[in-house]
Structures are given as structure tokens and as C-alpha cells.
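Breakdown of the fold
Residue-level listing of the chains:
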Amino acid sequence: MADARSLTDLFGILGPRRVSEAASAVDTSVTHVTEVPYPTQALQKFLRCLHGAENPLILDLGPVVGSNVTFFGEQLGCRIRVEDVAADIDRHVKGGKLELLPEYFAGRFTPAPGSVDGILCWDILDYLDRPAAQALATALCRLLKPGGCLLGLFSTAETPGQVYTKYVVVDESTLRYRTYPGLRQRQRSLLNGDIIKLFKDLRVTDSFLMKSRLRKMLFRKPAPRA
Amino acid sequence: MNIGKSVIIKGELSGSEDLTLEGHVEGRIDLKDNVLTIGPNGKIKAEVFAKAVVVLGEITGNVTASEKVDIRDNGSVDGDICSPRVAIAEGAHFRGAVDMQRAGAKAPGKPATPAAPGQAQPLPQAQKVGA
């Protein structure tokens, strides 16, 4: 019995160690994992915006997250288009062609103008210089349908390190954040007025300042006046 | 059935048995009632039609599956996916659009998978499309 107990204890010791070893092996490309879920009203409101749309098309500007594709596609019945803008930025950094980003964004997206119901912009604008951010924002405004909405996240604090964030949708009102290494760090924080100017064709419908000093903003494209 | 990594096929590939591809294919792959597995060495530049597609290698082109598309770790798809179920692993590459509705609409009589308790409900207008 005593032997059995000691064996159990031994497995108890070995068990967690194996898990942590496996985790460290898997996470060599990930600098930091935040698996704490964060409540989000902004995502809820974003989803509410899509309710009137038939088989809505969502453009996700982050890296592909399998569970997000399942959430939007399988559970909500959306079409989802993944366009990893962080990968675009890194490619331009590698090639030493960051100054070409504004021109690149102008012709980057394949969906027809006015065909997208919702855009998950996440925090990608934080990583761009002003001309590139403006070019991207202009392209996104063009893609949105009248009545369509855009969710943008903006850091209001300096964040050191060259990391991007994956936003993992847990459910309609919860997100998890997961950082991974990139080739560019966040640029100077955008002020509220700057953000509104970037999306001058859209209307701000909601703005939430989180304890983490992340600002979540929801924009809507107004319907054209009759 | 396996197609080894030294094999290069240009044109249309069709069949009625499950297939694992490790080689290169350019053109079109049609395995409507079977499972297509693109092995880690497989490189496909083709329109793909199958019952289920498992991707461990690379696909450039649109993928249509009547049951499921599964992009595993290090698998890569550059193209649009049309399938009622799509699984994308952490570490996989994907660029394109996913449409789980149109694929469902092709199988009339097959009800849409209901959301599990605690999961989000489908958007009401989207349900009309599958109806």
C-alpha cells in the first residue's frame, strides 16, 4: 500500500512536469500567453450590428484563429475572410519596404467595395505609421457596406516589445488575448481625435476604455442620404 | 491510396477512394465522396473537391468539402474554403474566406448543427440562407 501511494506520488510529481515541458516545447514561438478571459461589451455590440445582415461577411484582419472561424462561421453562420495584416507588416519590415505600405493597402483587399458587413480590425493600426494607418483605414471604409460596422482596439499606453496579439473569441461577450512575436512594435498611441480622423467616413457608436488602458471603439458606416 | 513525394501531376485527378498526397498536383482534384489528405510534403495548386480534406502540407486554390476541412499544425491553405465544418490548428496558415453556409445549403434535408448550450445562436438572417 505504502509502495502504491509512493508510486502515485511519483506520478503526481511527474505528471505536471511533463505538461509544462510539453507546453514549453510548443510555445517556443510565443513570448507570452494570457489565457485570462476578458469580458467585452464591444464584441457583443459588434455582433448585434450584424443581426440585420443576410449571411454576413466578416473581414478579420488578425492572424487566423481556428476557434474564431468556428465561432463566426459554424455558430453564427457568417462568412469570414481572414486577411492577416500583421503578416503584411512583417513582410514589409523584412524587405525594408515599410514606406510602400500605404500603396500596398490601397490595393490589398479583394472583396468588392461596399460588400463587407463587419470588420474586426483588432489593434493592427497601433503598429502602423500615420500614412499607412490612413491608407488602411480608407480601404476598410470603402469595403464596408452602409450600416456595416468595424471594431477597432487602440492601446493608450506605451507597450514595449515586438509582439502582436491574437484575439481569441471565447463567446459573444468574452475574449482571450494571446501575444506572439513579430517584427514591429506598437507605434505612438493614437489619440481619440486621430482615430476619428482616420475613419472620417464612419460614425463612432461606442467607445470603451478598459482597465488595461486598451480602448475599444465601434464604428458604423452611415447609410447614404436619400 | 498514396501518391509519393516524387510524383508530379498536372491536370485533373479524380477517384472514388481515400487518397493521401505527398507529391505535387496542379489543376483539379475531385474526390467528392472520399477523404483527401495532403501530407506534409504535398504541394497542391488546384481547385479541390472532396468529402473531407486534411491539410498537413500546402494548398493554393479553393477547397470545397461536403463534410469537413481540417488544417493541421504547419498546414497551409491560400484560397477560399467552402465546407460546413472547418478546423484550423494553432500554427496553421490560412489566407482566404470561409463559407460554412453555402456548403450546408448544398445538402438539403441536413439540418444545421444546433449550437450547444451556452454557445452563441446563429444570426437569424443567416439561417434563412440554409433553409
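Quantities reported herein were computed from a predicted structural model and do not represent experimental measurements.

1. Re the overall build of chain A
Looking only at helices and strands, one finds seven helices and nine strands in chain A. Sequence-distant contacts in chain A: of pairs separated by 6 or more residues, those separated by 24 or more amount to 70%. Accessible surface computed for chain A: about 11100 Å², of which carbon and sulfur atoms make up 56%.

2. Overview of the packing of aromatic side chains
Residue and element names in this part refer to chain A. Tallied over the full model, the rule gives eight aromatic pairs over all chains. Considering the side-chain rings of Phe-71 and Phe-72, the 5.1 Å spacing of their centres and the 85° angle between planes classify their relative orientation as edge-to-face. Residues Phe-71 and Phe-72 agree in their burial class; the two are buried.

3. Some remarks on the pattern of salt bridges
Going through the model one piece at a time under the given rule, you end up with 19 salt bridges over all chains. Between Lys-32 of chain B and Asp-30 of chain B there is a salt bridge whose closest N-O contact spans 3.5 Å. Among the residues examined, Lys-32 of chain B registers a relative accessible area of 48% and is labelled partly exposed. A residue is classified by how much of its surface remains accessible, and Asp-30 of chain B, at 13% relative accessible area, is buried. Salt bridges here are not isolated pairs; linked through shared partners, they connect Arg-81, Glu-83, Asp-88, Arg-91 and Arg-108 of chain A together with Asp-80 and Arg-95 of chain B.

4. Some thoughts on the interface of chain A and chain B
Tallying the contact residues gives 28 residues for chain A and 24 residues for chain B. Across the interface of chain A and chain B, roughly 2300 Å² is buried in total on both sides, 53% from carbon and sulfur atoms. At the surface where chain A touches chain B, the tally comes to five salt bridges. Taken together, the connections running from chain A to chain B amount to six residue pairs in polar contact (both at pLDDT 80 or more). Elements with a minimum of two residues in the side of chain A that touches chain B: helix 3 (66–75) and strand 3 (79–82) of chain A. Of all the elements, helix 3 of chain A adds the most residues to the side of chain A that touches chain B, at seven residues. Looking at the side of chain A that touches chain B residue by residue, the classes come out as eleven nonpolar, eight polar and nine charged. In the sheet, strand 3 of chain A pairs with strand 11 (residues 93–99) of chain B via four bridges, with the strands oriented antiparallel. Residue pairing in the sheet places Val-82 of chain A in a bridge with Gly-96 of chain B of strand 11 of chain B.

5. Observations regarding helix 3 of chain A
Burial runs high along helix 3 of chain A: seven of the ten residues are buried. In the segment just after helix 3 of chain A, Gly-77 of chain A is the residue with positive phi, at about 75°.

6. Side note on helix 6 (residues 130–143) of chain A
Its 14 residues give helix 6 of chain A an end-to-end C-alpha distance of 20 Å, which sits within 8% of 20 Å, the value for a rise of 1.5 Å per residue. Structurally, helix 6 of chain A contributes buried residues whose contacts are with strand 2 (57–60), helix 4 (85–94), helix 5 (101–106), strand 4 (116–122), strand 5 (144–155) and helix 7 (192–198) of chain A.

Definitions and cut-offs
- Numbers given for residues are sequential positions, taken from 1 along each chain in its written order.
- Here chains are named by letter from A upward and ligands by number from 1 upward, in the order in which they appear as written.
- Local features in this predicted model are restricted to residues whose pLDDT is 70 or higher, and side-chain atom pairs enter the listing and the counts only when it is 80 or higher, whereas totals over whole chains, interfaces and linings include all residues.
- The basis for the side-chain values is all heavy atoms of the structure; hydrogens and waters are excluded.
- What counts as a helix is a DSSP run of H or I of at least four residues, what counts as a strand is a run of E of at least two, and both are numbered from the N terminus.
- Contacts are assigned to residue pairs with any non-hydrogen atoms lying within 4.5 Å of each other.
- Using the Shrake-Rupley algorithm and a 1.4 Å probe, accessible areas are obtained, with residue cover drawn only from the displayed protein chains.
- Ring pairs shown here join Phe, Tyr and Trp side chains whose ring centres sit within 6.5 Å, with only the six-membered ring taken for Trp; geometry is labelled stacked below 30 degrees between planes, edge-to-face above 60, and tilted in between.
- When a residue's accessible area, from a 1.4 Å probe over protein chains only, is under 20% of the maximum for its type it is buried; when over 50% it is exposed; and in between it is partly exposed.
- Salt bridges are counted wherever a side-chain nitrogen of Lys or Arg sits within 4 Å of a carboxyl oxygen of Asp or Glu.
- Throughout, the accessible surface (probe 1.4 Å) given up by two parts as they are put together, summed over both, is called the buried area.
- Side-chain atoms alone can form a polar contact between residues adjacent in sequence; in general such a contact is a pair of N or O atoms within 3.5 Å, and within protein one must be able to donate a hydrogen while the other accepts it.
- For this classification, the nonpolar set comprises Ala, Val, Leu, Ile, Met, Phe, Trp, Tyr, Cys and Pro, the charged set comprises Asp, Glu, Lys and Arg, and every other residue, Gly included, is treated as polar.
- A pair of strands is considered paired only if DSSP assigns at least 2 bridges between the two.
- For a helix, the expected span equals 1.5 Å multiplied by the number of residues minus one.

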